[in-house]
Amino acid sequence: MSELLLPPEHRYAKRIKEQLNEDGSELSILNLGPTHPATHGIFQNILLMDGERILEAEPTIGYIHRAFEKIAENRPFYQITPLTDRMNYCSSPINNMGWWMTLEKLLDIEVPKRAQYLRVIVMELARITDHIICNSILGVDTGAYTGFLYVFQFREKVYEIYEEICGARLTTNMGRIGGFERDWSPKAFELLNTFLEEFPAAWKEFENLFERNRIFIDRTVNVGPISAEQAMAYGFTGPNLRAAGVDYDVRVSQPYSSYEDFDFIIPVGKSGDTYDRFCVRNAEVWESLSIIRQALAKMPEGNDFHADVPDYYLPPKEDVYTSMESLIYHFKIVMGEVPVPVAEVYHPVEGGNGELGFYLVTDGSRTPYRLHFRRPCFIYYQAYPEMIKGALLSDAIVILSSLNVIAGELDA
Amino acid sequence: MALETIQIKEKLVESFDSAVFEFKQERDIFSFEVAADKITAVILFLKNDPTLRFHFLTDLCGIHYPDNDEEHQFAVVYHLHNWYENKRIKVKTYINGENPEIKSISNIFLCSNWMERETYDFYGINFIGHPQLKRILNMDEMISFPMRKEFPMEDSGRTDKDDRFFGRTTDNY
Amino acid sequence: MSDSNINMVAPPEGVVGEGFFATKLNDVVGMARANSLWPLPFATSCCGIEFMATMASHYDLARFGSERVSFSPRQADMLMVMGTISKKMAPILRQVYEQMSEPRWVIAVGACASSGGIFDTYSVLQGIDKVIPVDVYVPGCPPRPEQIVDGVMKLQELVRTESVRRRSSPEYQELLASYNIK
């Protein structure tokens with residue numbers, strides 16, 4: 001144990017000196033992380049162990065603190081999407097759309113129905129990829145590499161759809177104030193339809209591989225349970241809260257982007273253990289698929305993909321070169337000379353891991369005065385030391401990956 | 001029967017009189033200000049009152065207003081949410097700039113523990129009664145409070161980027 | 001085995017005779033090292049997710065002899081730093097690098113690891129080459145898996161042509177000394 005990580009005056013060091021078990025064995029300290037292969041992302045936990053069992057844990061975070069909020073105060077509004085991408089990079093379109101919707105709430109912009117539906121589709125695709133990553137990695141952590149290799153193929157398929165929509169794979173930087181930067185190509189819809197045809201079978205197989213798998217059940221049932229009361233006290237939201245049996249979902253409680261038009265259920269678990277979290281995510285993937293199908297079916301005619309707000313929406317490049325009016329708008333938007341009201345808005349969206357909120361304070365200038373991200377991971381990771389108390393070391397890893405803590409979102 | 005904002009206002013004024021003020025509807029969120037010394041009482045009241053039931057702390061963050069007068073230099077903002085009635089409110093409280101301190105609500109809402117630590121880390125706001133108030137995201141050795149407006153975004157000691165070539169200086173904009 | 005599509009690495013240039021094959025030690029060692037680079041993924045953020053994709057079935061880094069992801073620095077050849085390295089993380093990265101045994105190579109994957117990327121802030125290290133020497137930089141935010149694979153192939157080229165004596169040369173000692181390593 002390096003002195004760097006645990007100074008001798010640390011309370012664990014004292015406790016080890018004081019406490020000696022009956023059989024003469026000592027407590028020990030284990031440093032888990034920050035670069036432990038089994039922790040996906042960088043979290044450090046100093047564990048006080050009695051043999052294999054964890055007595056206490058002390059988490060340290062901030063290893064990829066990148067100062068999003070400080071950068072945001074120094075960037076014009078439309079340059080903040082790249083930051084939101086890098087927050088929860090497993091489901092960046094949700095973050096992007098959440099940010100645009102915050103701005104639209106600030107500026108009172110009504111987005112056309114079709115653009116809203118397109119947003120719903122892309123957000124649900126993002127939720128699917130998020131859950132694919134979380135659940136397949138949970139499989140890897142319990143020793144089943146197959147599931148990961150199998151469903152990651154389909155994550156690539158989703159990335160192909162993203163590429164068709166915006167050109168990027170992971171950090172999408174998608175959309176504009178009032179809609180999308182361009183209409184979706186027919187190819188995008190074609191890829192989407194293929195995905196909808198092929199993915200369910202694969203996901204069914206993935207489920208079959210795990211849900212009744214003896215080894216998986218032994219590793220996850222009753223591992224890291226959390227009661228509904230405790231989960232709420234710790235500020236849980238999203239699938240982790242729903243696994244504990246609380247049906248709170250921002251998509252239903254405060255519908256945004258026309259979520260009220262779609263018919264879907266909120267899957268809930270019961271015991272809030274790792275297995276329930278896994279199952280809730282699995283079930284949510286099915287719901288997401290159903291929402292996408294509904295959105296495609298109900299998609300309004302026409303080709304509206306953005307609101308008519310020339311003050312905020314960048315005109316097409318060819319118009320900028322040929323028409324005076326577009327050039328002026330382009331100039332004004334890029335130089336940040338657009339009217340922005342002095343206000344405070346809070347907009348929540350249901351991110352991959354829970355309620356992702358944007359609290360924006362403006363002072364009328366081209367940059368936010370203050371932008372605070374309510375990052376679900378940051379808030380619920382507090383409960384982790386409590387959840388692994390008394391668990392085995394190997395369970396700690398499984399609990400961490402089932403919570404789906406994304407380091408980028410945790411540290412901001 | 002939805003919880004009406006007027007009801008929230010009446011209840012609060014009845015119990016706290018002039019310590020709660022500036023009630024207004026901001027877009028979809030009802031908000032008001034609280035005198036800093038009453039914050040724990042108000043939050044506790046909002047949480048435990050049988051009709052208000054704001055049982056969930058959504059968010060807690062700080063804001064720095066260097067241009068305000070001395071007593072309004074920093075603000076701490078609490079977002080509360082009542083899931084039963086699906087009602088959100090925002091509570092804002094201003095504190096002194098010279099010696100920013102406010103009572104901690106970490107014994108009321110468990111989840112505020114890290115949020116307060118983060119606010120301390122960013123702004124140096126001292127949360128009185130917090131069980132473990134130390135830096136959370138930045139290194140312990142750091143002396144500045146980076147989110148205060150007077151501190152620059154960039155690290156001034158960096159050598160590989162010349163601000164002149166980026167069309168900016170360290171005190172950007 | 002003629003009907004399989006397995007590609008074998010061609011032997012280095014040399015003299016072939018009956019029962020013997022003579023070539024330079026450098027070439028043989030280089031070839032062996034280049035085709036069995038054990039990566040140590042030091043994944044911190046977004047690029048780590050793309051690395052996952054690189055390792056997974058679609059892109060399959062195993063094709064390049066990097067099948068075995070070594071999570072112990074002692075048994076790794078190639079440190080792949082993926083994602084933002086903050087100042088808080090920098091000493092740990094350095095420690096990991098120091099724990100690796102020679103010969104060791106470093107790939108900086110992504111803009112953040114290469115130069116700090118879009119995060120020109122008080123908390124982010126402006127490129128890992130401030131704390132450890134880097135062999136290959138892969139641009140992109142995040143780079144596509146193809147780019148990561150390309151970076152690995154570039155590194156393979158470096159490894160193949162590296163002299164077996166390089167690690168004990170005064171230039172190399174000087175390089176390490178400039179980073180204050182050892």
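These figures come from a predicted structure and were not determined experimentally.

Engineer: Looking at this model, I keep getting lost on the overall build of chain A. Mind explaining?
Structural biologist: A count of helices and strands for chain A gives 18 helices and 6 strands. For 412 residues, the compact-globule estimate of 2.2 N^0.38 gives 22 Å, and the C-alpha radius of gyration of chain A, at 23 Å, lies within 12% of that figure. Seen through its principal axes, chain A has C-alpha atoms that stretch 85 × 45 × 35 Å.

Engineer: How do you make sense of the overall build of chain C when you look at a structure like this?
Structural biologist: Along its length, chain C carries 6 helices and 6 strands. Helices and strands appear in chain C in the N-to-C order β-β-α-β-α-β-α-β-α-β-α-α. A compact globule built from 182 residues should have a C-alpha radius of gyration of about 16 Å, and chain C, at 18 Å, falls within 12% of that. Its C-alpha atoms give chain C principal-axis dimensions of roughly 65 × 45 × 25 Å. Taking all 182 residues of chain C together, 42% fall into the buried category.

Engineer: Explain the UniProt feature "domain: NADH-quinone oxidoreductase subunit D" (unreviewed entry) in chain A here, please?
Structural biologist: Here the UniProt feature "domain: NADH-quinone oxidoreductase subunit D" (unreviewed entry) sits at residues 141-411 of chain A. Between the end C-alpha atoms of residues 141-411 of chain A the distance is 23 Å, and the span holds 51% helix and 7% strand.

Engineer: Help me out: how do you make sense of the confidence of the model for chain A in this one?
Structural biologist: Parts of the prediction with low pLDDT should not have their coordinates interpreted in detail. With 98% of its residues at a pLDDT of 70 or more, chain A shows a mean pLDDT of 89. Within chain A, the element-level pLDDT minimum falls on helix α1 (residues 11-18) of chain A, averaging 77, and the maximum on helix α12 (residues 274-298) of chain A, averaging 94.

Engineer: Explain the sheet that holds strand β4 (residues 344-350) of chain A here, please?
Structural biologist: Backbone-to-backbone hydrogen bonds pair the strands of a sheet. The strands run either parallel or antiparallel. Residue and element names in this part refer to chain A. Pairing within the open sheet is antiparallel, and its 3 strands lie in the order β4-β5-β6. Both edges of this open sheet fall to β4 and β6 (370-374), since each of them pairs with a single strand only. Neighbour to neighbour, the strand axes of the sheet diverge by 10 degrees on average, direction disregarded. Contacts from helix α4 (residues 92-107) reach β4 and β5 (355-361), with the element oriented near 150 degrees to β4.

Engineer: Explanation requested: the UniProt feature "binding site: [4Fe-4S] cluster" (unreviewed entry) in chain C in the structure shown.
Structural biologist: In the numbering adopted here, UniProt assigns the feature "binding site: [4Fe-4S] cluster" (unreviewed entry) to Cys 46, Cys 47, Cys 112 and Cys 141 of chain C. A stretch of 96 residues holds the annotated residues, and the largest C-alpha distance among them is 9.9 Å, short enough that they meet in one place. Relative to the elements of secondary structure, Cys 112 of chain C occurs in helix α4 (residues 110-115). Look past the residues within four positions of Cys 112 of chain C in its chain and what remains in contact with it is Gly 83, Thr 84, Gly 117 and Phe 119 of chain C. Tracing the sequence through the fold places Cys 141 of chain C in the loop between β6 (136-138) and α5 (145-161). Cys 141 of chain C has contacts with Thr 171 of chain A together with Gly 110, Ala 111, Gly 117 and Ile 118 of chain C, leaving out every residue within four places of it along the chain.

Engineer: Looking at this structure, I do not really get the environment of Tyr 179 of chain C. What am I missing?
Structural biologist: Residue and element names in this part refer to chain C. On the secondary structure map, Tyr 179 appears in the segment after α6 (170-178). A count of 15 C-beta atoms within 10 Å places Tyr 179 in the partly exposed class. The spatial distance from the C-alpha of Tyr 179 to the C-alpha of Asp 129 is 9.0 Å, given a sequence separation of 50 residues. In contact with Tyr 179, other than residues within four places in its own chain, are Val 131, Ile 132 and Pro 133.

Engineer: Even after reading the chapter, I still don't get the interface of chain C and chain A, so can you show me in this structure?
Structural biologist: Frequently, the measure chosen for interface size is the accessible area that the parts lose on association. Residue-level contacts link 27 residues of chain C with 26 residues of chain A. Going through the elements one at a time, α2 (46-55) and α3 (90-99) of chain C are the ones with two or more residues in the side of chain C that touches chain A. The element best represented in the side of chain C that touches chain A is α2 of chain C, accounting for 4 residues. Broken down by class, the residue content of the side of chain C that touches chain A amounts to 15 nonpolar, 9 polar and 3 charged.

Engineer: Sorry, what's going on with the sheet that holds strand β1 (residues 28-32) of chain A here?
Structural biologist: Residue and element names in this part refer to chain A. As summarised here, the arrangement of the 3 strands in space is β1-β2-β3, forming an open sheet in which the pairing is antiparallel. Looking at strand neighbours, the two that pair on one side only are β1 and β3 (53-60), the edges of this open sheet. Going across the sheet, the axis of each strand differs from the next one's by a mean of 25 degrees, ignoring polarity. Sheet analysis places β1 next to strand β2 (residues 44-50), joined by 5 bridges and oriented antiparallel. Within β2, the position partnered with Asn 31 by the bridge is Ile 46.

Engineer: Which parts of the structure should I look at to understand the interface of chain B and chain C?
Structural biologist: With 9 residues of chain B at the interface, the matching set in chain C holds 9 residues. The residue inventory of the side of chain B that touches chain C, partitioned by class, reads 3 nonpolar, 1 polar and 5 charged.

Engineer: Can you help me understand the nonpolar core in this one?
Structural biologist: Among the nonpolar cores identified, the biggest contains 214 residues, and Leu 79, Met 80, Val 81 and Val 109 of chain C are the most heavily contacted of them. A per-element tally of this core places helix α5 (residues 113-141) of chain A first, with 14 residues. Excluding anything up to four places from it in sequence, Leu 79 of chain C contacts Leu 40, Phe 42, Val 96, Tyr 97, Met 100, Arg 104 and Val 106 of chain C.

Cut-offs and rules
- Residues numbered from 1 in each chain as written.
- Chains lettered and ligands numbered in written order.
- Predicted model: local features only at pLDDT ≥ 70, side-chain atom pairs only at ≥ 80, totals over all residues.
- Helix = DSSP H or I, 4+ residues; strand = E, 2+ residues; numbered from the N terminus.
- Rg over C-alpha atoms; globule rule 2.2 N^0.38 Å.
- Buried ≥ 20, exposed ≤ 12 C-beta atoms within 10 Å, placed from the backbone.
- UniProt positions renumbered as here; feature names shortened; annotations may be inferred.
- pLDDT = per-residue confidence, 0-100.
- Pairing = 2+ DSSP bridges.
- Axes fitted to C-alpha atoms, helices over the stretch in contact; angles between N-to-C directions.
- Contact = placed C-beta atoms within 7 Å.
- Nonpolar A, V, L, I, M, F, W, Y, C, P; charged D, E, K, R; others polar.
- Core = buried A, V, L, I, M, F, W, Y, C linked by C-beta atoms within 7 Å.

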